[in-house]
Amino acid sequence: MVDATYSPRPMRFKVRNLRLWLPLLWIATLIIAAVFAPIFAPHDPLAQDLMLERLPPFFIDGSEPGHLLGTDSLGRDVLSRMIYGARIALFVSVIAAFSTGIFGSTLGLIAGYYGGWWDRVISRLVDIWMAFPPVLFAVLLVAVIGTGLTSVIFAIALIDWTRFARVIRAETMVQAQMDYVDSARIGGARRMATLLSEILPNVLPSIIALLALEMGIAVIVEAILSFVNLSISSDDPTWGSMISEGRGAIHFAWWVLLFPLIALFLTVLSFSTLGEGLKKQFDPVLK
Amino acid sequence: MLLKTVFVRLLTTAITLFGVAVVVFTLVRVAPGNPISMMLPPGATEEDIAALTALYGFDKSLPHQFMIWIGGVIQGDFGTSITLRQPVDELVLGRLPATLELSLMALLIALALGGLVAVIGARKRSTGTEVGLDLTTGAVLSIPDFLWGLIFVLLFGVLWPVLSISGRVDPRLDIDFTTNFYFFEGLLRGRWDVVSSTFSHMLMPAMSLALPLAAMIAQLLKQNLKEVLNQDYTTLARVRGFSETSVILREALQNAALPTLALVGVQFTFLIGGTVIVERLFAYEGLGNMAIDAVINRDLPLIQGIVLLFAALFTVINLLVDLSYTFLNPRLRNG
């Protein structure tokens, strides 16, 4: 293991730590908001009140004290919907990232270690997949397998596996050339066992870093699919559906777009900063 | 040798495109929802349904349908759109210029912005400015085009409404151009009203697409510049009395640019892929927007045509990048 606290200059040490802690702080906030959503949310996220529609947030005249971040076109509380939206965002990001990671890494390990026809077929599939515009691919897939959160997760895994497969294939090929792999084989280990017990632990850091990046991507894909009305039903509180509604009502109620956009922005930034940080942490050359 | 490289790459490109055709055909055929029943008015007779099904070839077996479709595609016949009732190739080629103009504009912005930031970063290397620029480009890089688009919609749609946030051109303008390249043809014909209108509609979506790529270019080009600036010949230029800025611009830039250009080529295809959602966001009348409508309306021939065109665009760009890189870099020429 590399020494995680090693740092040549104290100044850079602090900045780097901040870049790891700030994202973790935001993600922890999200997790707490998601778990305790019924406690924190001041209102039912689905409750409509047409008497209180399009109320502005607290810092603008005409706001109501009970609705801190205002209400949308159906009088639903923006803050409550955002808090419940964190549940869906986290759920999708974790499940989708892990599904994508397991699927893509498996194919990458096989292609990189077994080579030959395995590699040729998998690499050709990656080429074909990369020739699709990803958003159009996602929209098409969800239209085929039906809308809903499960479909969104399924679509993400089915499209983005190439991201893992490409990286893990290349790293597996490098690892497979190493002496320790040969000694394991000479020691009598079977190929499958060598792959799982010798190579996999050495490519795991890359997989973990990619997982963090993929979580950010998954939140965005869910938002995009909500935006084109292909995620879960538009009543459900997702950041994507709020953004979609806010884009439509932009000239009357811009706050319906602004607040979920800030949440999405911070979440994506956090996950990708975390992923980059982990990548550097694991890589002794980049340190 | 170069000829052989070209041949092998052309062959793999053809295989990839065929694979895309198979995947998209399979996908749209297993999609639930009968496109024929969506075309007919309520109360259509069984005969009407059968006639229309036969007209679009949906009564034949799947492999048979695929053979008919792919045979037509090779001859340039992509079928007829179900919802718009026009030949798919006319529809798709009619929209392609809008998407190409948007993508090229975004590429230009990314190159200009990224190049500028890289030169400033290299000029101010090892200072607080460089650290600040690195942090900024790192953050800009991780925010995808969709979010940039939304941010611009808020900024320029609400806060400071100076730019158009939907459409491609002012619909009141009278445009009787021979091509759909409104911006380029407007430039050539000197129709400045059309040029300025398309530009003001294009700027925000193009910026959304350009920002992540600009940040990527800034990072990589600055890295390459810093490496080149440690070489002897740049020291020689300094000794000869050139200022640091002119050393960067006159000596370092062209040597640092080649590896950056290889990245830009690959990233350009990702940028084109991003037009799909960005066009939707800004209601820009390009291919991507049409594609999402086609999926929602289950317009199978149109979806197939658009996906195939995008795939062809991607693979051709990748091919050109590979070949030009091989050509520009003598060490790879015999590879």
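The rules behind the values
Residues numbered from 1 in each chain as written. Chains lettered and ligands numbered in written order. Predicted model: local features only at pLDDT ≥ 70, side-chain atom pairs only at ≥ 80, totals over all residues. Heavy atoms only, no water. Core = buried A, V, L, I, M, F, W, Y, C linked by side-chain atoms within 4.5 Å. Buried < 20%, exposed > 50% of the residue type's maximum accessible area, 1.4 Å probe, protein only. Helix = DSSP H or I, 4+ residues; strand = E, 2+ residues; numbered from the N terminus. Contact = heavy atoms within 4.5 Å. Salt bridge = Lys/Arg side-chain N within 4 Å of Asp/Glu carboxyl O. Buried area = accessible area lost by both parts, 1.4 Å probe. Polar contact = N/O pair within 3.5 Å; in protein donor to acceptor, adjacent residues only side chain to side chain. Nonpolar A, V, L, I, M, F, W, Y, C, P; charged D, E, K, R; others polar. Expected span 1.5 Å × (residues − 1). Bend = angle between axes of the 7 residues up to and from the residue. Axes fitted to C-alpha atoms, helices over the stretch in contact; angles between N-to-C directions. Left-handed = near helix turned anticlockwise from the far one by under 90°. Patch = residues over 30% accessible without salt bridge, like charges linked within 9 Å, V, L, I, M, F, W, Y side chains within 5 Å. Areas by Shrake-Rupley, 256 points an atom, 1.4 Å probe, with all protein chains shown as cover. pLDDT = per-residue confidence, 0-100. Phe/Tyr/Trp six-rings, centres within 6.5 Å; stacked < 30°, edge-to-face > 60°. Lys NZ or Arg CZ within 6 Å of the ring centre and 35° of its normal.

1. Considering the nonpolar core
- If you look at the biggest cluster of nonpolar residues, it comprises 158 residues, and the most contacted ones within it are A:W239, B:W69, B:F146, B:L147 and B:I306.
- When residues of this core are assigned to their parent elements, the largest contribution, 15 residues, is made by helix α8 (residues 191–227) of chain A.
- Residues contacting B:F146, with those up to four places away along its chain left out, are A:A223, A:I224, A:F227, B:I277 and B:L281.
- In this structure, B:V119, B:A122, B:A252 and B:A256 belong to the second largest nonpolar core, which totals 12 residues.

2. Some words on the pattern of salt bridges
- Tallying each qualifying case throughout the model produces 15 salt bridges over all chains.
- Residue A:D72 pairs with A:R76 through a salt bridge whose shortest N-O separation is 3.0 Å. Each member of the pair, A:D72 as well as A:R76, is classed as buried.
- The salt bridge involving B:E101 is made with B:R168; its shortest N-O contact spans 2.8 Å. With B:E101 in helix α5 (residues 88–123) and B:R168 in the loop between α7 (145–159) and α8 (182–189), this residue pair connects regions lying 67 residues apart in the sequence. Here B:E101 matches B:R168 in class, with each residue buried.

3. Observations regarding the interface of chain A and chain B
- Tallying the contact residues gives 35 residues for chain A and 46 residues for chain B.
- Carbon and sulfur atoms make up 86% of the surface buried where chain A meets chain B, a total of about 3600 Å² over both sides.
- For the interface between chain A and chain B, the tally reads three residue pairs in polar contact (both at pLDDT 80 or more).
- Those elements that place two or more of their residues in the side of chain A that touches chain B are α4 (116–130), α5 (134–145), α8, α9 (239–248) and α10 (255–282) of chain A.
- A breakdown of the residues in the side of chain A that touches chain B according to their chemical character gives 29 nonpolar, two polar and four charged.

4. With respect to helix α11 (residues 244–281) of chain B
All names here are of chain B.
- The end-to-end C-alpha distance of α11, which contains 38 residues, comes to just 43 Å, noticeably less than the 56 Å that a straight helix rising 1.5 Å per residue would cover.
- Of all the bends found along α11, the most pronounced is centred on A252 and spans about 55°.
- Once α11 finishes, A283 follows within two positions and takes phi at roughly 45°, a positive value.

5. Some details on the packing of helix α3 (residues 78–114) of chain A against helix α6 (residues 149–176) of chain A
Residue and element names in this part refer to chain A.
- The interhelical angle for the contact between α3 and α6, taken along N-to-C directions, is 40°, at an axis separation of 5 Å. Here the hand of the crossing between α3 and α6 comes out right-handed.
- Here the contact of α3 with α6 is composed, by residue class, of 22 nonpolar, eight polar and two charged.

6. Looking at unusual backbone geometry
All names here are of chain B.
- Here the phi dihedral of R85 falls at roughly 50°; this positive angle occurs in a residue that is not glycine.
- Relative to the helices and strands, R85 is located in the loop between α4 (62–74) and α5.
- Positive phi is not limited to glycine here, since A283 has a value of about 45°.
- By the element assignment, A283 lies in the loop between α11 and α12 (287–296).

7. Structural notes on a nonpolar patch on the surface
All names here are of chain A.
- On the surface, I31, I32, V35, F36, I39 and F40 cluster together into a nonpolar patch covering about 590 Å² of accessible area.
- Those elements that place two or more of their residues in the nonpolar patch are α1 (10–35) and α2 (37–40).
- Looking at which element gives the most residues to the nonpolar patch, the answer is α1, with three residues.
- One can find F40 in helix α2.

8. Notes on the confidence of the model for chain B
All names here are of chain B.
- Confidence along chain B averages 85 in pLDDT terms, with 94% of residues attaining 70 or more.
- Taken element by element, the predicted model of chain B shows its lowest mean pLDDT in helix α2 (residues 35–39) (64) and its highest in α5 (93).
- ipTM for the predicted complex: 0.86, alongside a pTM of 0.87.

9. Considering the packing of aromatic side chains
- Within the structure shown, the criterion is met by 21 aromatic pairs over all chains.
- Measuring from ring centre to ring centre gives 5.5 Å for A:W254 and A:W255, while their planes differ by 75°; the resulting arrangement is edge-to-face.
- Residue class for A:W254 comes out partly exposed when judged on its relative accessible area of 22%.
- Their ring planes at 70° and their centres at 5.8 Å tell us that B:F183 and B:F184 sit as a pair that is edge-to-face.
- The partly exposed category is assigned to B:F184, whose relative accessible area is 33%.
- One aromatic cluster in this structure is built from A:F103, A:W129, A:F132, A:F137 and A:W161.
- Lying over the aromatic face of A:Y113, A:R191 brings its terminal NZ or CZ to 5.0 Å of the ring centre.
- In this structure, B:R168 is placed above the aromatic ring of B:Y182, and the distance from its NZ or CZ to the ring centre is 4.3 Å.

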